[in-house]
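Okay, here's what each chain looks like letter by letter:
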Amino acid sequence: MKRPAPKAPPLDPPFRRPARQLAMMETQNIYCGDNLAKLREMPDDWVDLVYIDPPFNSNRVYETFWGETKEKRAFDDRHESTKAYIEFMRPRCVELARVMKKTGSFYYHCDWHASHYVKVMLDQIFSEDCFQNEIVWKRSSAHSDGRQGSQHFGRVHDVLLFYTANPRDYTWNQLYTPLGQRYVESHYRHTDESGRRFQYDNLTGPGGAANGNPRYEVLGVSGYWRYTQEKMQELIARGLVAIPPKGRTPRFKRYLDDSKGLPLQSVWDDLPPVNSQAKEARGYPTQKPLGLLDRIIKTSTDKDDIILDAFCGCGTALVAAQRLDRRWVGIDCSPTACRVMSKRLTDDCHLREGGGLPRL
Ligand SMILES: C[S@@+](CC[C@H](N)C(=O)[O-])C[C@H]1O[C@@H](n2cnc3c(N)ncnc32)[C@H](O)[C@@H]1O
């Protein structure tokens, strides 16, 4: 028997702050400074999507030297302990949860250094019911971590913990990935007279009458079906119902060219990291690919929705949001990061400095 899921522990007072209504803030704006102070100025129930890619507790200083002047672009990811890291992140995540709309989504990008501790912290802030996915993003190829002599498997993926403000009612646009050749060959094994590939799929109503499936006759076969008789007649008229050569039961002819692909799963291994020669590379350490942010934004927001990245580095989430006609707000405490992303938004999205963008 399935045990009921354990209830999340009640939230201690410091985890959930009293609701506050503050004045609306401007979007298409970068705020340069510590995000905790800025988040505390933001109104409740305001943003549709939070994406954060904060320090990972990796005990490293990330540095790159960029361009002809070899400008140093760096940030420090050293904390006294994992406990100190979580204590740094907790009040920020509490504020981020507060500013999210009731239909909003939250993605925390991290890796093996702290993902398990972060998950526990987020369960306490959002509740376990609001945890939707642990997404695995395969960010590098096999040889980049499994160093010779290291006695563990290569650590080649990041983790994105996906939560929503409430367990069921949130923005969700289903995305699909193309079907692989092997999948097509093993599943779409039939071809019709015009050369279109298809597979036979089930039409019977699972659970029969008990599940409310209607009973009637289809192509001379009586049974319980998953569609109303009217809908079945329409499928028959469109030539989408047939009895397979070796079968007895009418089946649905599912055509390959009608397929949207496979609904996106939780392992993402089709998005390469940003290499130093890539067109989108900005020489910022730990820059994430636009394709990754595109996917998150398309799934969890609609046009004109507001996206907040409170650790926005060189502004990948902001550029992706701008290109997809979303509103956005970015925060980073590094003046270098703010300058790099300001230039990026000017160059790539033709936004003007001044206004929300810091002057270069
Ligand atoms: C991993 S990087 C983000 C990279 C980003 N996703 C991108 O694609 O460019 C983390 C960023 O968090 C910023 N940061 C660290 N602590 C912060 C704080 N307390 N407030 C605001 N930004 C902070 C760092 O300056 C750094 O740019």
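Please refer to the structure placed before this passage.
1. Quick look at helix α7 (residues 316–323)
Step number 1: Counting buried positions along α7 yields 7 of 8 residues, so the element is predominantly enclosed.
Step number 2: Taken together, the buried positions of α7 are occupied by T316, A317, L318, V319, A320, A321 and Q322.
Step number 3: Check the buried side of α7 and you find it contacts β1 (29–32), β2 (47–52), α6 (290–300), β17 (306–309), β18 (327–332) and α8 (335–349).
Step number 4: Positive backbone phi, at 60°, marks D325, one or two positions downstream of α7.

2. As for the site of the ligand
Step number 1: Taken together, the neighbourhood of the ligand is formed by 21 residues, with D53, Y284, K288, T316 and D332 sitting nearest.
Step number 2: Take Y284: an N or O atom from its side chain is 2.6 Å from an oxygen atom of the ligand.
Step number 3: Separating an oxygen atom of the ligand from a side-chain N or O atom of D332 is a distance of 2.7 Å.
Step number 4: Protein coverage of the free-state accessible area of the ligand, which is 610 Å², stands at 95%.

3. Comments concerning the packing of helix α2 (residues 82–99) against helix α3 (residues 115–126)
Step number 1: In the contact formed by α2 and α3, the axes pass within 10 Å of each other and the chain directions differ by 35°. Viewed along their axes, α2 and α3 form a crossing whose handedness is right-handed. Contacts between α2 and α3 involve T82, Y85, I86, M89, R90, C93, V94 and A97 on the former and, on the latter, Y117, V118, M121, L122, Q124, I125 and F126.
Step number 2: Taken together, the residues that form the contact of α2 with α3 break down as 12 nonpolar, 2 polar and 1 charged.

4. Overview of the sheet that holds strand β9 (residues 190–191)
Step number 1: Overall, antiparallel pairing links the 4 strands, which are arranged β9-β10-β14-β13 in an open sheet. Unpaired on one side and paired on the other, β9 and β13 (241–242) mark the two borders of the sheet.
Step number 2: One ladder, built from 2 bridges, connects β9 with strand β10 (residues 197–201); its direction is antiparallel. Directly across from H190, in β10, lies its bridge partner F198.

5. Details of the pairing of strand β6 (residues 131–138)
Step number 1: Here β6 pairs with strand β7 (residues 157–164) via 7 bridges, running antiparallel. By the bridge assignment for β7, F131 is matched with Y163.
Step number 2: Pairing of β6 with strand β16 (residues 267–268) involves 2 bridges; the strand directions are parallel. The residue of β16 that forms the bridge with W137 is W268.

The rules behind each value
Residues numbered from 1 in each chain as written. Predicted model: local features only at pLDDT ≥ 70, side-chain atom pairs only at ≥ 80, totals over all residues. Heavy atoms only, no water. Buried < 20%, exposed > 50% of the residue type's maximum accessible area, 1.4 Å probe, protein only. Helix = DSSP H or I, 4+ residues; strand = E, 2+ residues; numbered from the N terminus. Contact = heavy atoms within 4.5 Å. Near = heavy atom within 4 Å. Polar contact = N/O pair within 3.5 Å; in protein donor to acceptor, adjacent residues only side chain to side chain. Areas by Shrake-Rupley, 256 points an atom, 1.4 Å probe, with all protein chains shown as cover. Axes fitted to C-alpha atoms, helices over the stretch in contact; angles between N-to-C directions. Left-handed = near helix turned anticlockwise from the far one by under 90°. Nonpolar A, V, L, I, M, F, W, Y, C, P; charged D, E, K, R; others polar. Pairing = 2+ DSSP bridges.

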